[in-house]
Amino acid sequence: MLVYYPSLYSIYLCLLNFSAMSVQLSEQEIIRREALQKLRDLGIDPYPAALFNVNVTSQEILNNYEKRKLDYKNISIAGRVMSKRVMGKASFMELQDSHGRIQVYIARDEICQGEDKTLYNEVFKKLTDIGDFVGVKGYVFTTQVGEISIHASEFTILSKSLKPLPIVKTDADGKIHDAFKDPELRYRQRYVDLVVNEGVKETFVKRTKIMSAMRDFFNSYGYLEVETPILQPIPGGAAARPFLTHHNALDIPLYLRIANELYLKRLIVGGFDGVYEFAKDFRNEGMDRTHNPEFTVMEIYVAYKDYNWMMDFTEKMLEKISIDVNGTTEAQIGNNKVDFAAPYARVPILSAIEKHTGHNLHGKSENEIRDIAQKLGIDVDDSMGKGKLIDEIFGEKCERHYIQPTFITDYPIEMSPLCKKHREDDSLTERFELMVNGKELANAYSELNDPIDQRERFEEQMRLSENGDDEAMFIDQDFLRALEYGMPPTSGMGIGIDRLTMFLTNSSSIQDVLFFPQMRPEKFASHQKKLELTENEKAIFDILKERGRMEIGELKELTGLSGKAWDKGMKGLSAHGLAKVEKTEEGVFVEIVK
RNA sequence: GACUCGGUAGCUCAGCUGGUAGAGCAUAACACUUUUAAUGUUAGGGUCCUGGGUUCGAGCCCCAGCCGGGUCACCA
């Protein structure tokens, strides 16, 4: 996108380049920069280059020390200082490494064996801040109040932190105080969220485990993990609005993929038994608690299978993933307890509708269905075909009832242009969606491999497109050519990784399972070197320039500014360092600063 | 896109239907060699999101905007 607008692009780079501008520092940031200089003055590099050997993690110590005390006589550990409690000649600090936190005991005469106590008195007590990375060597012991701790014999600064972290404290009852929970700050500064909020890392570790459990499952069947293009000349495989970009050398438009289905099927045409891809897809649509413009979908295609086989496969997969990740098939999702143990109920969509509305739609015409939808209180319009109407009815009246994993099967043909017709009813397709907690989790077909039927379905999509449906699919001629060479009967399945992660980590927002959810770019205060005065500031400055120094009331009078405008103007001028207010016995004077 | 809630110190938040900006933690200084939300004493720290308006006077009221959350709509 940016290449279309070079001027915007340069403005954007300018915004990003905020570090070059002077930034106002808080008191605490200034103090930390001073500490940095003092360390250097003491001959200590606050950012040493050498590696620091670590031979244990906090978790290992806390788990194993009681059982194997002798193994922890000579340990070396590194991490961030998360709290400091100084008590004269001895102190405690909490050290946080990638696995957790452990308390460290630092006694002055232990880390300073000789006469020189600088390392303790200055470096540790005064120049070490919360957030600094430090290395500690020593042995593990248990304090009088029973906390497993490290007794430090050596203390090393590994990296100085210049920006104070939010302080989150947990009291004796486990109650969290001053939690860092402003969503904007948490998502924009995920690094801080990860450091100070317990449990955030765990969500992301689980996300990765979900993907590796899934990968293991597929690999155990011998299926091949592949990569297909993200930049596509025709965005196919789903109905959605794509992002558009441009390739300079080829001078062609390219789309960011909305799905990878058509490419994976080409690989089945090419002779692979099973292929799968964890794909970042991109859709240029609204954002909310469950939608991010880029998201991850796993799609898998297996030759010589149908959607019945895929249901068995999918439920086995989810059962395994749930156990691998959470140690149980049960998952708490909001107020619901969901059990991922196979097998799952299988309900044809028309039966689901009959059950929850009392209307049997089998063999009903489009108009009859439209009447029923209206009776059910659903907004309908003439552009909606049979498939869309059924989808609406299901979405409004049925979807929310399927809390436990349930395969909803046999969708109407109009909604599924890439799916094979049902073997028993050609108004339906061999498709299922897996519903969990009232939401769609996975979608699968017996893939359409009849090239002539596929061409007709695409042409039907084109007619929809001409009727104004801007999400109808494009015709992908190369994909049709591939099908004409022949694709074996194939079943394919796609599953939303973000949504699955939300379910298995009980997260209510997609932003909680994405490290960096999309946000409007942050504006950084830009204190340009070139001063630009506001109208108010100028009015005051122009008068003051003439006189140099004058009584404040008189100056205000002369400017003719309102109280607020005057106040803003004066504040602005002092902030720029152009004017100074001085209080003397004769009164209050404003002076221009040279 | 609509509605709604919020934006005040580094962080978490108070702020009386308008009158000199507050607390806790954090920070600085002093004391303290097994503490643990360490403690005690003292001190400093503010573009009250931005811009207008009303007013003698606005963190507070009015208008416009920016950013975020929630709900709904659109959308798989």
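The preceding data block contains the structure.
Residues numbered from 1 in each chain as written. Chains lettered and ligands numbered in written order. Predicted model: local features only at pLDDT ≥ 70, side-chain atom pairs only at ≥ 80, totals over all residues. Heavy atoms only, no water.

## Points about the environment of Glu330
Here is the rule: Comment: elements are numbered from the N terminus, with helices defined as DSSP H or I runs of at least four residues and strands as E runs of at least two. Residue contacts are counted whenever heavy atoms from the two residues lie within 4.5 Å of one another.
Relative to the helices and strands, Glu330 is located in strand E14 (residues 330-333). Residues contacting Glu330, with those up to four places away along its chain left out, are Ser322, Lys337, Val338 and Asp339.

## What about a negative patch on the surface?
As a reminder, the rule being used: What makes a patch is a set of residues exposed beyond 30% relative accessible area and free of salt bridges, joined within 9 Å when like-charged and within 5 Å when nonpolar (Val, Leu, Ile, Met, Phe, Trp, Tyr). Residue burial considers only the protein chains on display, and all accessible areas are found by Shrake-Rupley using a 1.4 Å probe. Any carboxyl oxygen of Asp or Glu that lies within 4 Å of a side-chain nitrogen of Lys or Arg is treated as forming a salt bridge with it. By the counting rule applied here, Lys and Arg register as positive and Asp and Glu as negative, while His and the ends of each chain are not counted. Charge coordinates come from a single atom per side chain, which is NZ of Lys, CZ of Arg, CG of Asp or CD of Glu.
A cluster of acidic side chains, namely Asp379, Asp381, Asp382 and Glu396, defines a negative patch on the protein surface. Checked against the element boundaries, Glu396 lands in helix H13 (residues 386-397).

## Thoughts on the environment of Lys421
Quick note on the threshold: Type-normalised accessible area, obtained with a 1.4 Å probe on protein chains alone, sets the label of each residue: buried when under 20%, exposed when over 50%, and partly exposed for intermediate values.
Structurally, Lys421 is set in the loop between strand E17 (406-409) and strand E18 (431-436). Residue Lys421 is classed as partly exposed on the basis of its relative accessible area, which comes to 33%. Taking the C-alpha atoms as reference, Lys421 lies 9.4 Å from Asp453; in sequence the two are 32 residues apart. Not counting residues up to four positions away in its chain, the partners in contact with Lys421 are Ile413, Asp426, Leu428, Thr429, Glu430, Asp453 and Arg457.

## Section: the side chain of Glu315
To keep it simple, the criterion reads: The definition of a polar contact used here is a pair of N or O atoms within 3.5 Å, where within protein one atom must be able to donate a hydrogen and the other to accept one, and adjacent residues in sequence count solely through side-chain atom pairs.
Secondary-structure assignment places Glu315 in helix H10 (residues 307-326). Among the residues examined, Glu315 registers a relative accessible area of 6% and is labelled buried. A distance of 2.9 Å separates a polar atom in the side chain of Glu315 from the backbone nitrogen of Tyr344. Beyond its immediate chain neighbours, meaning those up to four positions away, Glu315 contacts Phe340, Ala342, Pro343, Tyr344, Arg346 and Phe407.

## A look at the pattern of salt bridges
Here the structure, examined in full by the defined rule, presents 33 salt bridges. Note that Asp476 is salt-bridged to Arg266, the shortest N-O span being 3.1 Å. Within this pair, whereas Asp476 is found in the loop between helix H14 (451-466) and helix H15 (477-485), its partner Arg266 is found in helix H9 (residues 261-269), the two being separated by 210 residues in sequence. Each member of the pair, Asp476 as well as Arg266, carries the same accessibility label: buried. The exposure class of Arg266 is buried, given its relative accessible area of 15%. Sharing partners across several salt bridges, the network here consists of Arg32, Asp129, Asp132 and Lys160.

## Some details on the pairing of strand E12 (residues 274-282)
To keep it simple, the criterion reads: Between any two strands, at least two bridges found by DSSP are needed for them to pair.
Taking burial as the measure, the nine residues of E12 include eight buried ones, the bulk of the element. In this structure, strand E8 (residues 224-225) lies alongside E12, joined through two bridges in parallel fashion. Along E12, the bridge assignment pairs Leu224 with Val275.

## A few points about the side chain of Ser58
Structurally, Ser58 is set in helix H3 (residues 58-64). Take Ser58: its relative accessible area is 0%, and that puts it in the buried class. There is a polar contact of 3.3 Å between the side chain of Ser58 and the backbone nitrogen of Gly100. Here Ser58 is in contact with Ile77, Asp97, His99, Gly100, Arg101 and Ile102, once residues within four sequence places are set aside.

## What about the sheet that holds E17?
Rule in force here: Helix axes are fitted to C-alpha atoms over the stretch in contact, other axes to C-alpha atoms as well, and angles between N-to-C directions run from 0 to 180 degrees.
Pairing within the open sheet is mixed, and its eight strands lie in the order E8-E12-E13-E20-E19-E18-E17-E16. Each edge of the sheet is formed by a strand with only one pairing partner; in this case those strands are E8 and strand E16 (345-348). Where E16 and E17 come together, four bridges link them in parallel fashion. Bridge pairing links Pro348 to Thr409 in E17. Contacting E12, strand E13 (294-303), strand E19 (439-446) and strand E20 (490-496), H9 runs over the sheet at an angle of about 25° to E13.

## A look at the packing of helix H8 (residues 200-220) against helix H16 (residues 497-505)
Note the threshold: Each angle receives one of four descriptions, namely roughly parallel if under 35 degrees, roughly antiparallel if over 145, roughly perpendicular if within 65 to 115, and oblique otherwise. Here a crossing is called left-handed whenever its near helix is offset anticlockwise from the far helix by less than a right angle, and right-handed whenever the offset is clockwise. Throughout this entry, Asp, Glu, Lys and Arg are counted as charged residues, while Ala, Val, Leu, Ile, Met, Phe, Trp, Tyr, Cys and Pro are counted as nonpolar. The remaining residues, Gly among them, count as polar.
Following both chains from N to C, one finds H8 and H16 inclined at 120°, their axes separated by 10 Å at the closest point. Relative to H16, the element H8 lies oblique. As for how H8 packs across H16, the hand of that crossing is right-handed. Each of Thr203, Lys206, Arg207, Ile210, Met211 and Met214 in H8 lies in contact with H16, whose residues at this interface are Ile497, Asp498, Leu500, Thr501, Leu504 and Thr505. Split by residue class, the contact of H8 with H16 holds six nonpolar, three polar and three charged.

## Description of the nonpolar core
Heads up, the rule is: Residues grouped as a nonpolar core are buried Ala, Val, Leu, Ile, Met, Phe, Trp, Tyr and Cys residues, joined through side-chain atoms within 4.5 Å.
With 38 residues, the main nonpolar core has Met214, Met298, Ile300, Met493 and Ile495 as its most contacted residues. In terms of residue count, the dominant contributor to this core is H10 (eight residues). In contact with Met493, other than residues within four places in its own chain, are Met298, Glu299, Ile300, Met310, Thr314, Met317, Phe432, Ala442, Asn443 and Ala444. Counting residues in each nonpolar core, the second largest holds 28 residues, with Tyr65, Met93, Val123 and Ile148 among its members.

## So, the sheet that holds strand E11 (residues 252-256)
Strand order in the open sheet formed by three strands is E9-E11-E10, and the pairing between neighbours is antiparallel. Of all strands in the sheet, those bounded by a partner on one side alone are strand E9 (231-232) and strand E10 (244-247). Strand direction decides the pairing type here: E10 and E11, joined by four bridges, are antiparallel. The partner of His246 across the bridge, within E11, is Pro253.

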